[in-house]
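Remarks on the overall topology
Given next are the chains, with one letter for each unit.
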Amino acid sequence: MLINEHKSKILFEQAGIPTPEGIAVFPGEENSINPDFPLPWFLKAQVLTGGRGKAGGILRVDNKNDFATTARTIFNLDITGHTVPFIRVEPAADILREFYLSLTISRKRKCILLSVGREGGVEIENLKADNLLIQEIKLPSGLAPNQIRAAFFHLELKKELFKQFATLLTSLFNAFLDFGLLMAEINPLIVTHADEFIALDGKIEIDDNFADLNPNMEAFYQREHARHEENEARDAGLSFVKLPGWVGLMVNGAGLAMATMDLLNFSELPASNFLDLGGAADDKRMKTALELLFNDDQVTAIFINLFGGILSCEKVALALKNALDGKTPKKPIVARMSGKDAESGLKILKTLNVTDLHIATDMKEAINILTTLKPTNPPVVEFPAQKVISATTRPASTEYTSDTLLGIDKNTPILVQGITGREGQLHTRLMQEYGANVVAGVTPFKGGQEILGVPVYNSITEAKRFHAIGASIIFVPPRMAADAVLEAAFNEIPWAICITEGIVQHEMLSVFEQIKCSPTRVVGPNTPGIIIPGQTKIGIMPTIPFSPGPVAIFSRSGTLTYEVAARLTSVGIGQSLCVGIGGDPFIGTNFVDMFDIIRNHDTTKVVIVLGEIGGQAEENLAEYVVKTGFDKPIISFIAGRTAPPGKRLGHAGAILEKGSGIEQKLKTMRKAGFTVCPSLEAVSKMTAEALKY
């Protein structure tokens, strides 16, 4: 959650960081506002984008009679596509020197970065190379006194200011943790002629997971920065991003939603939105989602694409039936369902007997139907034509050391953390039905109970007195999940599979730093888990799509895993191992780790990698493949290739950063010998070719 300068300064004030006086003024208030601080005043547009100064979004007023006119000038601006919902008015500052100061979460370095610059300014990245000093802060250790001193001396400040600077930096770091921040930037941080530090401008991003867990953070959200439909979706708990096309999109699961968006865009049927129903699609959410798309004048037709995994297609069909209430939909709907309860779900839709509800048996048929619904003058949204990028010859190995055993089979004893909760009980039962060897459960203060024939203990330490444990699966709410991972690692459980999503990023950074010497392999968080078809399942994935065979699937998305496995199984290609590595920015076991494990696994003949935009996971894997001479064929697919830069699509880790190119990711993969598929349909086809089926 990116917040504007005004809200950022309110947060700074709460944290004890000095800021200028300031008031918010909204359109229509400019004639009645009379700031009680002295002239001159600066009127500053509040927008969630850069470049406001160059666009005329910061103006000085020397005469109070010019205030209203100047305010209206700013209100009427368009700043890189953003309107100005309100302005912040501040008195002129007494500036002696300007600096740069920020704290940011680094996905690449897996730490917090402290950056200070001797000069502050609009374009900090264009200043001299030696302007910035960047230091790594590890959690849980936190900000060290030597780092404060290094930052202070880099800024070349007089020693009398050290105590004040140290207090300010410590307050900023405490706020970073206390408010769940991903970024806190002060640019510029000024020193006045009175030797006082003031945060003259600020920008903050709050971890969405932290905001979800702490309702008081909602006060920092500015609804005026979002479109009406984005606020409605947010209120309903839907992941929604507006796009420029005409096909309204409704999908379950971020990975499948991104893949469907790409398919539409590459098929010249551009998506009007990204909308992920998630794992729940009750009547209220379905009605809200449909109304969002029905009321969007840009939407001509709606594509509902579902793969039933955790979510039942029958449940979605019933929700859709109730939302339509026997009436013809306001706009044509094309529905495709596969997976759990798909047959009964499609049967419900077919019995509705309403016009403009089209049933598709697969994505190809859905695309054909949508093509017939194309408007006369559709918006022009161009994407380059896509084709399969075949593997190139892989360079020879330069080095390799590895262990090669997964150490999981049908006999692996499994412990369930959070077994007494609803999700814990549900998936314990489903794992048992698949043949998984669940031997124990843990829920604090619930020890002595028995759930589904499984004894419950108060702690893993207690459970280990009576059972050998080969793997733990974690169904613990986000507030406690990080500690549950720590508990598994401290008890040296070989595998810890963390299903929980919504864990605060700071907490997982701290966990991974603390367990880096532990023998425990963590999968996730935000993972569907592990399945070895025909043997065992330690996760939440549906079992219908999977069958034993020679193909390993490693994925950042649950729904994509199910979709691809089902496509493979339908053409007689089974799987040796399927692992969801997790959709969060900070995860345990990654693609490289999994490749290291299965590289000498004789049963596995081909590996499928299902990646996403954002992060370096696929590039790191490509580097590993080249470096070690990995010789199994690799079939890959990247979801979200047509995503707008800077927009997070469902997964916390799925965000295409501005300035970073998806094409570079694909190029790196191709150079490493990956076969890069443009569609899910191509994945099964290219896998069959690699197997010579």
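Please refer to the structure placed before this passage.
The present account deals with the structure reproduced in this document. (Residues numbered from 1 in each chain as written. Predicted model: local features only at pLDDT ≥ 70, side-chain atom pairs only at ≥ 80, totals over all residues. Heavy atoms only, no water.)

1. A look at the sheet that holds strand β4 (residues 58–61)
- Taken together, the 4 strands give an open sheet; going across it, the order is β2-β7-β3-β4, and neighbouring strands pair in antiparallel fashion. The sheet is open, and its two borders are formed by β2 (23–25) and β4, each paired with just one other strand. For this sheet, the mean angle separating the axes of adjacent strands, direction not counted, is 30°.
- Pairing of β2 with strand β7 (residues 87–91) involves 3 bridges; the strand directions are antiparallel. Each bridged residue has a counterpart across the sheet, and for A24 the counterpart in β7 is R88.
- The strands touched by helix α1 (residues 5–14) are β2, β3 (41–45) and β7; relative to β7, the strand with the most contacts, the crossing angle is about 55°.
- In the packing of helix α2 (residues 67–75) onto the sheet, the strands contacted are β2, β3, β4 and β7, and the crossing angle to β3 comes to about 20°. (Pairing = 2+ DSSP bridges. Helix = DSSP H or I, 4+ residues; strand = E, 2+ residues; numbered from the N terminus. Axes fitted to C-alpha atoms, helices over the stretch in contact; angles between N-to-C directions. Contact = heavy atoms within 4.5 Å.)

2. Considering helix α14 (residues 478–490)
- Spanning 13 residues, α14 covers 19 Å between terminal C-alpha atoms, matching the ideal 18 Å at 1.5 Å per step.
- All of the buried residues along α14 are A481, A482, A484, V485, L486, A488 and A489.
- The inward-facing, buried residues of α14 contact β20 (413–417), α13 (460–464), β24 (471–474), β25 (495–498), α15 (505–514) and β26 (521–523). (Expected span 1.5 Å × (residues − 1). Buried < 20%, exposed > 50% of the residue type's maximum accessible area, 1.4 Å probe, protein only.)

3. Quick look at the sheet that holds strand β21 (residues 437–442)
- Spatial strand order, β22-β23-β21-β20-β24-β25-β26: 7 strands in an open sheet with mixed pairing. The sheet is open, and its two borders are formed by β22 (450–451) and β26, each paired with just one other strand.
- The strands touched by α14 are β20, β24, β25 and β26; relative to β20, the strand with the most contacts, the crossing angle is about 150°.

4. Examining the nonpolar core
- In this structure, F554 and F595 are the most contacted members of the largest nonpolar core, which totals 104 residues.
- Ranked by residues supplied to this core, first place goes to helix α7 (residues 254–266) with 7 residues.
- F595 has contacts with F554, V607, V609, L621, Y624, V625, F630 and I634, leaving out every residue within four places of it along the chain.
- Formed by 76 residues, the second largest nonpolar core is a distinct cluster that contains F99, F176, M217 and F220. (Core = buried A, V, L, I, M, F, W, Y, C linked by side-chain atoms within 4.5 Å.)

5. Topic: the pattern of salt bridges
- Scanning the model with the defined rule gives 27 salt bridges in all.
- Across the pair K44 and E90 runs a salt bridge, and its minimum N-O distance is 3.6 Å. In this pair, K44 sits in strand β3 while E90 sits in strand β7, placing the two residues 46 residues apart along the sequence. The two residues K44 and E90 agree in class, both being buried.
- When the shortest N-O distance is used, the salt bridge between R234 and E218 registers 2.7 Å. Of the two residues, R234 is situated in helix α6 (residues 228–235) and E218 in the loop between α5 (208–213) and α6; the sequence distance between them amounts to 16 residues.
- Linked through salt bridges whose partners overlap, the residues forming this network are E5, K9, K44, R52, R88, E90 and D201. (Salt bridge = Lys/Arg side-chain N within 4 Å of Asp/Glu carboxyl O.)

6. So, the packing of aromatic side chains
- Going through the model one piece at a time under the given rule, you end up with 12 aromatic pairs.
- A centroid spacing of 5.7 Å and a plane angle of 70° characterise the contact between F152 and F153, whose relative ring orientation is edge-to-face.
- Judged by relative accessible area, which is 2%, F152 ranks as buried.
- Using a relative accessible area of 58% as the deciding quantity, one classes F153 as exposed. (Phe/Tyr/Trp six-rings, centres within 6.5 Å; stacked < 30°, edge-to-face > 60°.)

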